[in-house]
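Now for the letters of each chain:
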Amino acid sequence: QVQLVESGGGLVQAGGSLRLSCAASKTMFSFNVMGWYRQAPGKQRELVATITPSFKRNYADSVKGRFTISRGNAKNTVILQMNSLKPEDTAVYYCNVIFATLGDYWGQGTQVTVSS
């Protein structure tokens, strides 16, 4: 069983920044994709950003130029730097890791609230 531990959510004013981090409990296994998704009240979960072992990045159009996904210094960690936050970024943010051999795992979610 793999656990994903998320941190860094909170309340921020519009225009502010937050940094989310996610660490997987299994460090000896390789991943195919690590990423962040979000779900706002009454909406479906949507992709925010993903990153591959070769550092190929993919972003939702709504966050391009404002959010940056990167791999942490520790193995199997992923960081989401969120700048110029908007009220519409308010959501629960979920870390997701797809391992090459272990399958697909989700974090418990961390709340991000952006006030106007």
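Residues numbered from 1 in each chain as written. Predicted model: local features only at pLDDT ≥ 70, side-chain atom pairs only at ≥ 80, totals over all residues. Heavy atoms only, no water.

Another point: the state of the cysteines. Following the criterion strictly, the structure yields one disulfide and no others. One disulfide bridge connects Cys-22 with Cys-95, the sulfur atoms lying 2.0 Å from each other. Between Cys-22 and Cys-95, the S-S torsion sits near -80°, and that sign places the bridge as left-handed. Of this pair, Cys-22 sits in strand β3 (residues 18–24) while Cys-95 sits in strand β9 (residues 91–99); the two residues are 73 residues apart in sequence, bridging distant segments of the chain. With respect to class, Cys-22 is no different from Cys-95; both count as buried. (Disulfide = S-S within 2.5 Å. Helix = DSSP H or I, 4+ residues; strand = E, 2+ residues; numbered from the N terminus. Buried < 20%, exposed > 50% of the residue type's maximum accessible area, 1.4 Å probe, protein only.)

The next subject is the side chain of Glu-6. When you line up the elements, Glu-6 lands in strand β1 (residues 4–7). No salt bridge is formed by the buried Glu-6; its nearest oppositely charged neighbour, Arg-45, is found at 8.0 Å. Of the polar contacts made by the side chain of Glu-6, one reaches the backbone nitrogen of Cys-95; its length is 2.6 Å. In terms of polar contacts, Glu-6 uses its side chain to reach the backbone amide nitrogen of Gly-109, at 2.6 Å. What Glu-6 contacts, discounting residues up to four positions off in sequence, is Ser-21, Cys-22, Trp-36, Tyr-93, Tyr-94, Cys-95, Gly-107, Gln-108, Gly-109 and Thr-110. (Lys, Arg positive; Asp, Glu negative; His and termini not counted. Salt bridge = Lys/Arg side-chain N within 4 Å of Asp/Glu carboxyl O. Polar contact = N/O pair within 3.5 Å; in protein donor to acceptor, adjacent residues only side chain to side chain. Contact = heavy atoms within 4.5 Å.)

Right, let's get into the packing of aromatic side chains. One pair of aromatic rings is described through two measures. These are the centre distance and the angle between the planes. Going through the model one piece at a time under the given rule, you end up with two aromatic pairs. When the centroid spacing of 5.1 Å and the interplanar angle of 65° are considered together, the rings of Tyr-37 and Trp-106 count as edge-to-face. Highlighted residues: Tyr-37 in strand β4 (residues 31–39) and Trp-106 in strand β10 (residues 103–106), separated in sequence by 69 residues. Trp-106 gets classed as partly exposed once you look at its relative accessible area, which sits at 37%. Relative to Tyr-105, the ring of Phe-99 has its centre 6.1 Å away and its plane inclined at 75°; by these criteria the two rings are edge-to-face. The pair Phe-99 / Tyr-105 is uniform in exposure class, with both members buried. Lying over the aromatic face of Tyr-94, Arg-45 brings its terminal NZ or CZ to 3.7 Å of the ring centre. (Phe/Tyr/Trp six-rings, centres within 6.5 Å; stacked < 30°, edge-to-face > 60°. Lys NZ or Arg CZ within 6 Å of the ring centre and 35° of its normal.)

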